[in-house]
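# Overview (structure and organization)
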Amino acid sequence: MPEGDAAGARAPRPRRRGLLVAAAVAAVALVGAGGVAVATRPGAPAATEIPVAGDVGVHDPALVVGDGDGPWYVYSTGDERENAGAVQVRRSTDRGATWEYLGTAWGPSDSPRWAQEAVPGVVNYWAPELYEHDGTWYLYYAASTFGSNRSVIGLRTSPTLDPEDPDYGWVDRGEVWRSEPADDYNAIDPGIVEDADGTPWMLFGSYWSGIQVVELAWPDGLPAAGASPVGLASRLAAPHAVEAPYVVEHDGWYYLLVSQDACCQGTDSTYKIAVGRSRDVTGPYVTRDGTDLLLDGGDVLLETAGDRVGPGGQSASRGVLAYHYYDAATGGTPTLGLREIAWDAEGWPVLTTADEQAG
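A short tour of the structure in this document, coming up. The structure presented is a predicted model; accordingly, all values stated were derived computationally and were not measured. (Residues numbered from 1 in each chain as written. Predicted model: local features only at pLDDT ≥ 70, side-chain atom pairs only at ≥ 80, totals over all residues. Heavy atoms only, no water.)

## Regarding the overall build of the protein
What counts, and what does not: Counting from the N terminus, the helices are the DSSP runs of H or I reaching at least four residues and the strands are the DSSP runs of E reaching at least two. Note on definitions: a residue-residue contact is assigned when non-hydrogen atoms from the two residues lie within 4.5 Å. Where accessible areas are quoted, they stem from the Shrake-Rupley method and a 1.4 Å probe; at the residue level, only the protein chains shown are allowed to cover.
Within the protein, the secondary structure is distributed over two helices and 26 strands. Excluding contacts between residues fewer than 6 apart, the proportion of contacts in the protein whose partners are at least 24 apart in sequence is 59%. Total accessible area on the protein is roughly 13,000 Å²; 49% of this is exposed by carbon and sulfur atoms.

## Notes on the pattern of salt bridges
For clarity, the cut-off: For this document, the term salt bridge refers to a Lys or Arg side-chain nitrogen within 4 Å of an Asp or Glu carboxyl oxygen. Relative accessibility thresholds used throughout: buried, under 20% of the residue-type maximum; exposed, over 50%; partly exposed, between the two (1.4 Å probe, protein chains only).
Under the counting rule described, the total for this entry stands at 18 salt bridges. When the shortest N-O distance is used, the salt bridge between arginine 339 and glutamate 49 registers 2.5 Å. Residue arginine 339 is found in strand 24 (residues 333–340), and its partner glutamate 49 is found in strand 3 (residues 48–49); the two are separated by 290 residues along the sequence. Judged by its relative accessible area of 1%, arginine 339 falls in the buried class. Across the salt bridge formed by arginine 150 and glutamate 180, the nearest N and O atoms sit 2.8 Å from each other. Of the two residues, arginine 150 is situated in the loop between strand 10 (136–143) and strand 11 (151–158) and glutamate 180 in the loop between strand 12 (171–179) and strand 13 (191–194); the sequence distance between them amounts to 30 residues. With a relative accessible area of 32%, arginine 150 lands in the partly exposed category. Three or more residues joined by partner-sharing salt bridges are found here, namely Glu49, Arg308, Arg339 and Glu356.

## A short note on the sheet that holds strand 24
Operational definition: Criterion used throughout: strands pair if DSSP finds at least two bridges between them.
If you walk across this open sheet you meet the four strands as 3-24-23-22, and the pairing is antiparallel. Pairing within the sheet leaves two strands with one partner each, and these edge strands are strand 3 and strand 22 (308–317). As paired strands, strand 3 and strand 24 are joined by two bridges and run antiparallel to one another. Bridge pairing in strand 24 links glutamate 49 to arginine 339.

## Structural notes on the pairing of strand 7 (residues 88–92)
Among the five residues that make up strand 7, five are buried, leaving the element largely enclosed by the rest of the structure. In strand 7, alternate side chains face the same way, and those of Gln88, Arg90 and Ser92 on one face and Val89 and Arg91 on the other are all buried. The sheet contact formed by strand 6 (residues 72–76) and strand 7 spans five bridges and is antiparallel. The residue bridging tyrosine 73 from the neighbouring strand is arginine 91, located in strand 7. Here four bridges tie strand 7 to strand 8 (residues 98–104), and the two strands are oriented antiparallel to one another. The residue bridging arginine 90 from the neighbouring strand is tyrosine 101, located in strand 8.

## Things to note about the packing of aromatic side chains
How we decide: Geometry of aromatic contacts follows a simple scheme: Phe, Tyr and Trp rings, the Trp one being its six-membered ring, pair when their centres are within 6.5 Å, and the pair is stacked under 30 degrees between planes, edge-to-face over 60, tilted otherwise. Two conditions define a charge sitting above a ring: the NZ of Lys or the CZ of Arg must be within 6 Å of the ring centre, and it must be within 35 degrees of the ring normal.
Taken as a whole and judged by the stated rule, the model has ten aromatic pairs. Ring geometry for tryptophan 106 against tyrosine 125: centres 5.6 Å apart, planes inclined by 65°, an arrangement best described as edge-to-face. Residue tryptophan 106 is found in the loop between strand 8 and helix 1 (113–118), and its partner tyrosine 125 is found in the loop between helix 1 and strand 9 (126–133); the two are separated by 19 residues along the sequence. Like tyrosine 125, tryptophan 106 is buried. Seen from their ring centres, tyrosine 138 and tryptophan 218 are 4.8 Å apart, and the 50° between their planes marks the pair as tilted. Note that tyrosine 138 is positioned in strand 10 and tryptophan 218 in the loop between strand 15 (211–217) and strand 16 (222–223), a separation of 80 residues in sequence. Of the two residues examined, tyrosine 138 and tryptophan 218, each falls in the buried class. Three or more aromatic residues joined by ring pairs make a cluster, and in this case those are Trp106, Tyr125 and Tyr141. Sitting over the ring of tryptophan 253, arginine 277 keeps its end group 4.0 Å from the ring centre. Stacked on the ring of tryptophan 253, the Lys or Arg arginine 279 has its end atom at 3.7 Å from the ring centre.

## Things to note about the sheet that holds strand 21 (residues 299–302)
Definition in use: Geometry is summarised by axes, namely lines fitted to C-alpha atoms with helices restricted to the contacting stretch, and by angles between N-to-C directions that run from 0 to 180 degrees.
Strand order in the open sheet formed by four strands is 18-19-20-21, and the pairing between neighbours is antiparallel. The two strands at the open ends of the sheet, each matched to only one other strand, are strand 18 (242–250) and strand 21. When the angles between neighbouring strand axes are averaged without regard to direction, this sheet yields 35°. Both strand 20 (residues 272–278) and strand 21 contribute to a ladder of three bridges, which runs antiparallel. Each bridged residue has a counterpart across the sheet, and for alanine 274 the counterpart in strand 21 is valine 300.

## Quick word on the pairing of strand 15
Residues in a regular strand point their side chains to alternate faces of the sheet. Counting buried positions along strand 15 gives five out of seven residues, so the element sits mostly inside the fold. Examined bridge by bridge, strand 14 (residues 200–204) and strand 15 share four bridges and lie antiparallel to one another. Bridge pairing links leucine 203 to valine 213 in strand 15. Between strand 14 and strand 15, which follow one another and run antiparallel, lie six residues, and glycine 205 among them has a positive phi close to 130°. The pairing of strand 15 with strand 17 (residues 230–233) spans three bridges and is antiparallel. Residue pairing across strands places valine 213 opposite valine 230, the latter belonging to strand 17. Of the strand pairs in this sheet, strand 15 and strand 16 are connected by two bridges, and their pairing is antiparallel. Across the sheet, residue leucine 216 finds its bridge partner in strand 16, namely proline 223.

Below you can see the structure in the form of structure tokens.
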């Protein structure tokens, strides 16, 4: 990743899910030193924390919530010490409460050598994204090195997420998009969303000029003919710290969630999750007060509070937000966080819990 992303400390996300609706009155997040302060009115909505246990040491979780009592999955950034840094896979069979590690999405013999040739020095694969279309699962991921925008986004497909299914297996589909040092953006942190017409779009980006979106095409999941990136969000001051885009659809709006500030520094991380919304996938995305995310906008939804340091790298599935944070109680271990999203009366997402809002 770029300047804010430590090599070996990145992970994923999924898509196409309806979100939990909780009607209530607006809650406005206020940035407070040492924690989250939230100004609320009577009856204001609050997110619901989902306690997790088991193997929850993840970075940039890509969450898929199963149907009914079906299994949940989290794919995340790989560890260079295992299977040549392939994307990691975890599963929960009790609706997100307990997680088990299932290994990696591919092995050393199936590593994307084309990505290693395109980006010399790659040791692991970052920020996966999961999206299902017409019975096929699409796994997007990034290959890069710390502090560089010589990066590529790759794609694999599988008919199922169930590793016990005989049809399971991630087939390498090659490169989706790349960036070079001459470009003003960084091709990492892919996130997929379909618009109202069913057209797929890939968001990506980290630092440099910020968040981009490019049109894809089904069924191959690769860029549409003649597609080129369009800017969606930026930070105006150096080092331009915004990344990890993820779009959630709700009630006719597209909500662009981004991670702002510094990731991957343990308990010194300053990551936080911010949002803007638009009627169109390609923007413009604006805050409550109308500030464009391209002009340094972003309403903060979740930030450091207590032992939960630097939350970010988010994804969402069926109304549940997944993110990672650094657990100060364990010396800064990257840890999975899950919470059900609430929505206020003005149609904005709320990620803080009632306890956090109470201070």
